[in-house]
Amino acid sequence: MTFIAKPKIHRGAVRNELGLTRRDYEGGMSTLCAGCGHDSVTAAIVQACFELALPPHTVAKLSGIGCSSKTTAYFVSGAHGFNSVHGRMPAIAAGAIAANRRLRYIGVSGDGDSLSIGLGQLGHAVRRNIDMLYMLENNGVYGLTKGQFSASADVGSKSKKGERNDHEPIDPVLLALSLGATFVARSFSGDKEQLVPLIKAGLSHRGFALIDVLSPCVTFNDHEGSTKSYAYVREHLQIPVAADYVESRREITVDYGEGDSVSVEMHDGAHIVLRKIDKSYEPTNRARALAYVQEHAQRNEYVTGLIYVGTYRRDFHERHNTPEEPLNSVPYGKLCPGSGGLSEVLARYR
Amino acid sequence: MPDPERAQARVNDFTVKFANVNGTGSASANALIMKSIFRMGVPVVGKNFFPSNIQGLPTWYEIRVTAEGWRARSGRVDIMVAMNPETYARDLRDLAPGGWLVYDSTWPRPALLSRPDITLIGVPLAQLCQEHFEGARARILMKNIMYAGVLAALLDLDLEVMRGLVAESYAKKPALVEANMKAITLGYDYARANFACPLPAHVERLDCTRGHVMIEGNTAAALGCVFAGATVGAWYPITPSTSLMDAFKAFCTRYRVDPETGRNNYLIVQAEDELAAIGAVIGASWNGARAFTPTSGPGISLMNEFIGLAYYAEIPAVLFDVQRVGPSTGMPTRTQQCDLMACAYASHGDTRHVLLFPADPEECFHFAVEAFDLAERLQTPVFVLLDLDIGMNDWMIPDLQWDDAYQPDRGKVLTAEQLEGMEKFHRYLDPDGDGIPWRTLPGVGSKGAYFTRGSGHNKLGSYTEDSAEYQEVMERLVAKFRTAAAMVPAAVSDGTGKAKLGIVSIGSCDGAVREALDALRRGGVAIDYLRVRGFPFGAEVEAFLAAHETVFVVEQNRDAQLKSLLVLETPVEKRKLHSILHYSGLPLTAQYVVDGVTAAISRGQAA
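Another point: the overall build of chain A. Along chain A, the regular secondary structure elements total twelve helices and twelve strands. The proportion of buried residues among the 350 residues of chain A is 53%. Counting only contacts in chain A whose residues sit at least 6 apart along the sequence, the fraction spanning at least 24 positions is 70%.

Sheets are built from strands that pair by backbone hydrogen bonding, the pairs being arranged parallel or antiparallel. Residues and elements named next belong to chain B. Taken in spatial order, the five strands line up as β17-β19-β18-β21-β22 in an open sheet, and their pairing is mixed. Pairing within the sheet leaves two strands with one partner each, and these edge strands are β17 (492-494) and β22 (577-581). This sheet shows a mean twist of 20 degrees between the axes of neighbouring strands, independent of strand direction. Where helix α16 (residues 510-522) meets the sheet, it contacts β17, β18 (501-506), β19 (527-532) and β21 (550-555), and its direction lies at approximately 170 degrees from that of β19. Lying over the sheet, helix α18 (residues 561-569) contacts β18, β21 and β22, oriented at roughly 135 degrees with respect to β21.

Right, let's talk about the sheet that holds strand β6 (residues 119-123) of chain B for a bit. All names here are of chain B. Strand order in this open sheet of six strands is β2-β3-β1-β4-β5-β6, and the pairing throughout is mixed. With partners counted over all chains shown, the strands left at the sheet margins are β2 (44-49) and β6, one partner each. Sheet twist, expressed as the mean angle between neighbouring strand axes with direction ignored, is 15 degrees. Sheet analysis places strand β4 (residues 77-82) next to strand β5 (residues 95-104), joined by five bridges and oriented parallel. Across the sheet, the residue bridging to Val 77 is Leu 95, located in β5.

Opposite the 49 residues of chain A that make contact, chain B presents 54 residues. When contributions to the side of chain A that touches chain B are tallied by element, the ones reaching two or more residues are β2 (80-83), α3 (89-99), α5 (119-128), α11 (332-335) and α12 (338-346) of chain A. For the side of chain A that touches chain B, the per-class residue count stands at 25 nonpolar, 20 polar and four charged. Where β2 of chain A lies against strand β16 (residues 451-453) of chain B, three bridges are found, and the strand directions are parallel. Across the sheet, residue Asn 83 of chain A finds its bridge partner in β16 of chain B, namely Arg 453 of chain B.

What follows is about the confidence of the model for chain A. Residue and element names in this part refer to chain A. On average, residues of chain A carry a pLDDT of 85, and 84% of them reach 70 or more. Across residues 246-262 the pLDDT falls below 50, and counting only partners more than four positions away or on other chains, this stretch makes 24 contacts in the model. Per-residue pLDDT stays below 50 along residues 272-277; that stretch engages in 33 contacts with residues further than four places along the chain or on separate chains.

Residues and elements named next belong to chain B. Within strand β14 (residues 381-387), seven of the seven residues are buried, which leaves it mostly tucked inside the rest of the structure. Of the two faces of β14, the one holding Pro 381, Phe 383, Leu 385 and Asp 387 and the one holding Val 382, Val 384 and Leu 386 are both buried throughout. Pairing geometry for strand β11 (residues 317-325) and β14, over seven bridges, is parallel. Pairing of Ala 317 across the sheet is with Pro 381, part of β14. Here strand β13 (residues 354-356) runs beside β14; their pairing, made up of three bridges, is parallel. Of the residues in β14, the one forming a bridge with Leu 355 is Phe 383. Read as a crossover between parallel neighbours, the route from β13 over helix α12 (residues 361-378) to β14 is right-handed.

For a regular strand, side-chain orientation follows a simple rule: the groups alternate between the two sheet faces. All names here are of chain B. Burial runs high along β5: eight of the ten residues are buried. The β-α-β motif built from β4, the intervening helix α2 (residues 88-94) and the parallel element β5 has right-handed crossover chirality. Note that β5 and β6 share five bridges and pair parallel. Among the inter-strand pairings, Tyr 103 is bridged to a residue of β6, identified as Gly 122.

Right, let's talk about helix α1 (residues 26-39) of chain B for a bit. Residues and elements named next belong to chain B. With 14 residues, α1 ought to run about 20 Å at 1.5 Å a step, and its terminal C-alpha atoms sit 20 Å apart, in line with that. With ten of 14 residues buried, α1 is to be regarded as a mostly interior element. Here α1 has its buried residues at Ser 26, Ala 29, Asn 30, Leu 32, Ile 33, Met 34, Lys 35, Ser 36, Ile 37 and Phe 38.

The subject of this paragraph is the environment of Pro 58 of chain B. Residue and element names in this part refer to chain B. Mapped onto the elements of the fold, Pro 58 is located in strand β3 (residues 58-66). Put simply, Pro 58 and Glu 362 are 304 residues apart on the chain and 31 Å apart in space, counted from C-alpha to C-alpha. Setting aside anything within four residues of it in sequence, one finds Pro 58 in contact with Ala 19, Val 21, Pro 51, Asn 84, Glu 86 and Thr 87.

Rules of the game
- Residues numbered from 1 in each chain as written.
- Chains lettered and ligands numbered in written order.
- Predicted model: local features only at pLDDT ≥ 70, side-chain atom pairs only at ≥ 80, totals over all residues.
- Helix = DSSP H or I, 4+ residues; strand = E, 2+ residues; numbered from the N terminus.
- Buried ≥ 20, exposed ≤ 12 C-beta atoms within 10 Å, placed from the backbone.
- Contact = placed C-beta atoms within 7 Å.
- Pairing = 2+ DSSP bridges.
- Axes fitted to C-alpha atoms, helices over the stretch in contact; angles between N-to-C directions.
- Nonpolar A, V, L, I, M, F, W, Y, C, P; charged D, E, K, R; others polar.
- pLDDT = per-residue confidence, 0-100.
- Right-handed = clockwise from strand over helix to strand, strands pointing away.
- Expected span 1.5 Å × (residues − 1).

This is the structure we're talking about:
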C-alpha cells in the first residue's frame, strides 16, 4: 500500500531557523503520572532544542532506568535514543561520545539512577569531563517501585507511608562542584523561565554540564512532610543567578546595569548572561559556589540558577587527542597497518 | 611424548624448570634462554607459573625443548635451576630421576644430597657476583643472568645468539650489554671448567623455527583488534587480561597516530569498573565504532546486566575473557577454562551468546578480527575465550598472515541514502529471513531515528508489554542464533573419522590432546579428534558426536562445562560422553589425557 503523507501544517506555529516548529522537537506521549514534574522538564528540553534550532538527528538522548529515564522517549523523536540499564547511562554516554564527538548528548537521569546505583558512574563522567548535558530529575523518591527514599531525600523527610528518612542526603550539585565539573546548575521543574535558558547554556557548554532539577513526584512525594513537594520547594527556593541565553549569531541585546550582570562566553561561541540577584555571588569561583550552596542548605534553601560555570578545562576528547573527525567514521585504511605493518610487528617477536 | 622414566641423552627433547623469587629479574634471564634456543632453530614451549604478587614470592618458569614441536607442557622436569631456597625441597622432589639440579653453592645445602638419583651442579653464583659486581641490586640481577651463562654451557647454547639478544634488549644502554655479557661469560666459564659440558640433555641447532614467532595470546589478540579497525577500547585492569590492553595501546601508539595531524585514531577508556567498561563498549558500538573490552571471569560476572541489554537490544560488542582460576578471586595467576557456561548464557532472562575459542595466539589474532565481523553482522555480543595459558605465555606460532584485501563486515547498517529510499524504517524487522534486522547509527538522519531499549519491544521497535509481540521478537532472536551457528569458525578434526573413540576438546587443551593422540595411536588405540572453535555449535560438531561410540570431552574445569554445553545444545546422548577434567590451574599435559583415556579403556567404559 502506498500513500502520500499529509504535510504537517501548524497554522501560525512559530518556526525556528531550520523552519521547524516546536512540535518537531516533541516525542512520544508521556506515560508518567499527570502533573509529574518530569513532564515539565521534558517540555523545557523541547523548548530549548527548538530555540537553539538543533537539527533533531544531531542530538542523541541517553538515559538509565526510572521514571526520569523514561522521558528520553518524550522529546525530539527525530533523534536516536538509548534507554539503558539502571545507573549506567554515563558509561553508555562515554562510549557513545568516544565514537562520535559531533552529536549533542542529552542524558536524563534521576536521583536513584544517579545518586544511589549510579553514583560512581556519575562521578566518573564528571571526572572525565565528557561533553554532554546531564539532566538529573530529582524528586527524592523511587517512583517506579512505589515510594522508597532515594539518596537525595533530606533528613527528617517523610515518605507517603509516614516513614522518616534518617540518612544524610547526597547533593549532586555539591558532588559535581567538588569533582571539578565546569557547569553546575540547579533549577525547579515548575520554573520554565529559569530552566530553558539553563538547558540551552548546558547544551552549548563544552564538557560535562550538570543541571539538577528539583522535580516533585506528584504521587509519592508531594505530601506534607516531604522536602521535595511543590509547596516546600517553592517556599525554599533561593535564586542566586538567573540566566539568559544569547546565541552567538544573534546580537546581544540584553541590557543590564553594570555590576548586575556578567557575560560568559560558551565554548561554541554563544554567550550566557547571568543576572546576579545576590550581588555578592560569584558564579565563576568554585570555592565560593560550594560555600554558597552549603550555607543556604543549612537554612534549608535550595540555591537555583547557574551555580558555577568554570574556566575552560580540556574535555574527554581533547585529553585523548582524538581527531576532529568522529572515530566511527575514520576510514579503515587509516586504522589497519596492513601486511607491511604486520611484518614489522612480527620482526620484534623472533 | 618423551619417556616418562629417566632423563638421559635427550638432545632437543627435555624440560628445564627455573625456580625463582619474583621481582628479582629472573624473567629476563629465563626469556633470554628460551629465545636463544628458539633462535637456534629448535622449537620451545615456555610456561610461566607466577604468584599473585609483585615481589618476594616463589615463581617458576618452564622451558620445554621439543624438536618435534609439541606445544604442551611435558609434565616432567629434566633440569631444575633451583634459585629459591624457600622451595628447594619441592623443587628437588619435582626433578625426574636421572635429572640435573643447578643451585647456588655459595652456601652449603645438605638437604640437596637427599636424592642419589640426580646430579648436582653447584655454582657459587652469589660469590662470583660478589667478586665481580658492585652494589646489591646489580649483584641480585647479575646472579640471575649468570645462571643463563651456566645453562649456556650445560645446554650448549650459542653465546653469539645470546649476545645478539642481550644487545637488542639493551639497545639504548650499551653499558648494560657488557655487564650482562660479563655475567653470562662468568657463569659459562665456571660451568665449562667444573662440569662435563654439555649435558646429555642439550640443544643442537635445527632449522625448525624459521617463519615462526614467539608471542603471547593477549598480544596477538590486541593486534587483531588493531587490524580489525577497533577504535574504542574500554577496560578495567584485571589479571590475566591486562596485557591485552597494554599491547593494544602500544600498537596504537605506533600505528594509530595520524602522521599528518598527530591525532590518535583510537580512544582507550580505563573505566571505573567492569560495569562501566562494557557500558562504554556498548555505547560506542551503538554509535558505530568497533569497540571491545578485555577482562576475566570476575569482570564477566559484573558485566552480566549490560550483556543482557546488548543481546536484547541487539548491539554489537566484543569481549575478550582471558580465563583464570575461579570462583571468586580464585587463583588469579593460574589458568583454567572455567567461564564457558558463564559466557554462553551470560545475563538474566533468555540469552545465548556467540563464543569463539582460540587455541593459540595465531587464532587469537584471527578470531579477534572475526569477532568484530560477527558482532556487527549479528548485532550481538561476541566473546573470545582465551585463558591465562594462551594469553600470558609465549607461544611459538607460524608468522601471522594478513590479507590486504580484507574489509570489515560492518553488517546491516542503513545509510542515509538507503533510508531516503525507504517508506519507513523499523528497527527489529527480519526482511532477509536470517533473523538479523537492519539498524541505523545515530546522526544518520531523523528518518532512521529509533529508541533503543532493554524493555519489551515489538518488531517495529516500539515499547510493548503484549505477549505475542514480545514472543515474536524472542523467536527471531532464536533464528538469529541459528544463523550464527553457520558463521562461527567451524570445528577442526583430526583422524580417519572412522574410529569408535573420539576426543572433543577446546582452546588451549589442543597441544596436549594432539600429543596424547600421537601416543595413543602409537599404542594401538584408534581415536579421532574434534576441536570446537565456536558456539553455537555447527553441524560438524553434531556429526562427530553422532559418528563416535564413545567421546572423551577434555577440558580445564571441574564441572565439565564443555560437556554440559554439548549435552544442552546438541542431540548427543549424555552416556556417550566421558569427561577428562583438569583444573589444577596448571596447563594440561599430554600424559594426563593419555592416562584418562587408557584408564577408561581398562575400566571397560570405552572399547
